[in-house]
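Next come the chains, spelled out residue by residue.
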Amino acid sequence: MPSDCISYQKSGYFSKLMNDYLEEKTNLKALYNRFPKLENFSEQLKEKRSNFPFKNREILVDSINKQYKNIETSETTSNNIKLLNEENTFTITTGHQLNLFTGPLYFLYKIISTINLCEQLNKEYPNQNFVPIYWMATEDHDFEEINHFWFKGKKISWQKESFGPVGRLPTEGLREVFEQFSSELGIGENATYLKDLFEKGYLEQSNLADATRFIANELFKEKGLVILDGDDKNLKQLFVPYAKEELVNQSSSEEVLKTNELLSEYKIQVNPREINLFYIEDNLRERIVFEDNIYKVLNTNYTFSESKILAELENHPEKFSPNVILRPLYQEVILPNLCYIGGGGELAYWLELKSNFEANHVTFPMLLLRNSVLIASQKQAEKADKLELTWADLFSKQQDLISNKTKDLSNFDIDFTSQKEHLKKQFEDLYAIAAKTDKSFVGAVKAQEVKQIKGLENLEKRLLKAEKRVLAEKLERITSLQDELFPKQSLQERKANFSEYYLEFGQKLMDKLFEELKPLENVFTIITI
């Protein structure tokens, strides 16, 4: 089977909201600025240029240089950082949690989508510069979401307590996790590369933010990726006016709730709080609430009057952390950004936010669904060919796959549709007779029709079940292949770690991903290596 693709809508793994967004349904057009098409970037960059203060560039570049002070930077990345000081430079951004050992595969896909889009835009708009940004979610405090990863079906976890921003979490204690993973990797050139990468990342860097920056830089520095940590006092200073608005007027909640009314037919991804800010310290990230005319930090003794909390904001902006509702606004305030690349769940909450951006006079970015990928080995592709499976077959639900392949492989027709249609025609004659006699006879005819149709359906099910037993060996090979490609009946990219594939394919994996991922095509990419 050759490398191929399938539409997101036909893959069966995306929500109605995402499918409707990709189809540019009219009911969603008010919720985004411009759809991510190559020709739409021209107007987007004009709008962003007119709405982005130059002083923000200077502060951004200064902060990035400080964050990179202990990192060996490639010439390409260094040039991209310098370019951010120029008015004709714009960013394409993706963000991701600080998952242990890079977490699931789509960590790579997000970043590669971002880099590839920048390369495409640099060719299309040669008078502008486009820089790929990876925004590290260093201020998240849900350690349980990031403290583990899956490798060859095995869960590897870091057992530790953490309550504050995960980026500030010391890497002490990770040696045991590293040693466990190292033994799983085994030996060989690719295993040695991975061990060296993760050892330098997790055992030689002081905290999780530094470790993740090191690893992402090593993987993508030659492509010019710029890695940004928003947990930065000077960057937070740029956000002070917006945080002040949130504390005093709590306007974002009203704006988002207003937008959510337009999403009533979909699942709402996030709901706003009255105040969408946290208060953070090294081992603390708790919500700020306003009760009895006093600002309080939940689960602490911290309380502030309005004047005191505003003074705290001015003097210590680094102690104020936006939640999921305000983090996108913070990102777009500090970056000359044109487009955010994220997964379906991320874009679902971004679609709630446009009115809040407008209320704050900040340009709303284009929203692009990241590339999704299914990786298959040549051996797996050959198996699929022998089993006469298409990619569409393999993407289907397993029960549907088994039933459909049973019908395909059977020596006779298991579909009783024609018999049921023939039966219905016979009953049409009986209904004609019944119409001329007592009405009670019509009911008797109807009951008999239902009974006989039901009987045919039961026979169809029993025949299908019998054929499944006859074809059990071949069907088992089919389900086994699907289980390999879709672990636990979910997407490979949401479970497997990239190390599993790097072990087998090495740099060829990365080269193939850069070659095949086309961010603006909106298709689920299938790659055979």
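Heads up: the structure comes first, above all this text.
Here we summarise the structure given alongside this text. All figures in this text were calculated on a predicted structure; none of them were measured in a lab. Numbering of residues begins from 1 in every chain and follows the order in which that chain's sequence is written. pLDDT decides what is reported in this predicted model: residues at 70 or higher carry local features, side-chain atom pairs at 80 or more are listed and counted, and totals for whole chains, interfaces and linings draw on all residues regardless. The side-chain quantities take in all heavy atoms of the structure and omit both hydrogens and water.

Some words on the overall build of the protein chain
Okay, so step 1: A run of DSSP states H or I qualifies as a helix once it reaches four residues; a run of E qualifies as a strand once it reaches two. Both are numbered from the N-terminal end. For the protein chain, the helix and strand inventory stands at 25 helices and 15 strands.
Okay, so step 2: Oriented by its inertia axes, the alpha-carbon framework of the protein chain measures out at about 90 × 60 × 50 Å.
Okay, so step 3: Summary of the burial criterion: residues with accessible area below 20% of their type's maximum are buried, those above 50% are exposed, and those between are partly exposed, where the area comes from a 1.4 Å probe applied to protein chains only. Residue burial in the protein chain is summarised as follows: out of 529 residues, 54% are buried.
Okay, so step 4: The long-range fraction of contacts in the protein chain, counting pairs at least 24 apart against all pairs at least 6 apart in sequence, stands at 76%.
Okay, so step 5: Note on areas: Shrake-Rupley with a 1.4 Å probe; residue coverage comes only from the protein chains shown. Counting only carbon and sulfur atoms, one obtains 47% of the accessible surface of the protein chain, whose full area is about 24,200 Å².
Okay, so step 6: One finds the centroid of the 68 positive side-chain charges in the protein chain at a distance of 5 Å from the centroid of its 82 negative side-chain charges. Note on contacts: a residue pair qualifies if any of its non-hydrogen atoms lie within 4.5 Å across the two residues. By the counting rule applied here, Lys and Arg register as positive and Asp and Glu as negative, while His and the ends of each chain are not counted. For charged residues, the charge sits on one atom: NZ in Lys, CZ in Arg, CG in Asp, CD in Glu.

Concerning the pairing of strand 4 (residues 148-151)
Okay, so step 1: Of the pairings in the sheet, the one linking strand 4 to strand 5 (residues 154-157) comprises four bridges and is antiparallel in character. Across the sheet, tryptophan 150 pairs through a bridge with lysine 155, a residue of strand 5.
Okay, so step 2: Should DSSP find at least two bridges between two strands, the strands are regarded as paired. Here strand 4 folds back onto strand 5 in antiparallel fashion, the turn holding two residues, of which lysine 152 has a positive phi close to 50°.

A look at the sheet that holds strand 12 (residues 337-342)
Okay, so step 1: A sheet is described by the order of its strands in space; here five strands give the open sequence 6-3-2-12-13, paired in parallel fashion. Each of the sheet's edge strands pairs with one partner strand only, and the pair in question is strand 6 (226-229) and strand 13 (366-369). For this sheet, the mean angle separating the axes of adjacent strands, direction not counted, is 30°.
Okay, so step 2: In the sheet, strand 3 (residues 129-136) pairs with strand 6 via four bridges, with the strands oriented parallel. Bridging across to strand 6, tryptophan 135 finds its partner in leucine 228.
Okay, so step 3: Note on geometry: axes are lines fitted to C-alpha atoms, helical ones only across the stretch in contact, with angles between N-to-C directions running from 0 to 180 degrees. Sitting on the sheet, helix 4 (residues 54-67) touches strand 2 (89-96) and strand 6, and the angle it makes with strand 6 is about 95°.

Here's the deal with the pairing of strand 3
Okay, so step 1: Taking burial as the measure, the eight residues of strand 3 include eight buried ones, the bulk of the element.
Okay, so step 2: Residues Asn129, Val131, Ile133 and Trp135 line one face of strand 3 and the alternating positions Phe130, Pro132, Tyr134 and Met136 line the opposite face, and both faces are buried.
Okay, so step 3: Here, the term right-handed applies to a crossover whose path from the first strand over the helix to the second runs clockwise when the strands point away from the viewer. One crossover worth recording links strand 2 to the parallel strand 3 by way of helix 6 (residues 106-124), and it is right-handed.

As for the sheet that holds strand 9 (residues 294-297)
Okay, so step 1: Reading across from one edge, 10-9-8-7-11 is the order of the five strands in this open sheet, with antiparallel pairing throughout. Looking at which strands have only one partner, the edges of the open sheet turn out to be strand 10 (303-304) and strand 11 (320-322).
Okay, so step 2: Across the face of the sheet, helix 11 (residues 233-249) comes into contact with strand 7 (277-281), strand 8 (284-291), strand 9 and strand 11 while running at roughly 80° to strand 11.

Here's the deal with the side chain of glutamate 352
Okay, so step 1: With respect to the secondary-structure elements, glutamate 352 resides in the loop between helix 15 (344-350) and helix 16 (354-359).
Okay, so step 2: Among the polar contacts made by the side chain of glutamate 352, one reaches the main-chain amide nitrogen of glutamine 269 at a distance of 3.2 Å.
Okay, so step 3: Apart from residues no more than four positions distant in its own chain, glutamate 352 is found in contact with Val256, Thr259, Asn260, Leu263, Ile268, Gln269 and Val270. Counting of polar contacts relies on pairs of N or O atoms within 3.5 Å, with two restrictions inside protein: one atom must be capable of donating a hydrogen and the other of accepting it, and residues adjacent in sequence are counted only when both atoms are side-chain atoms.

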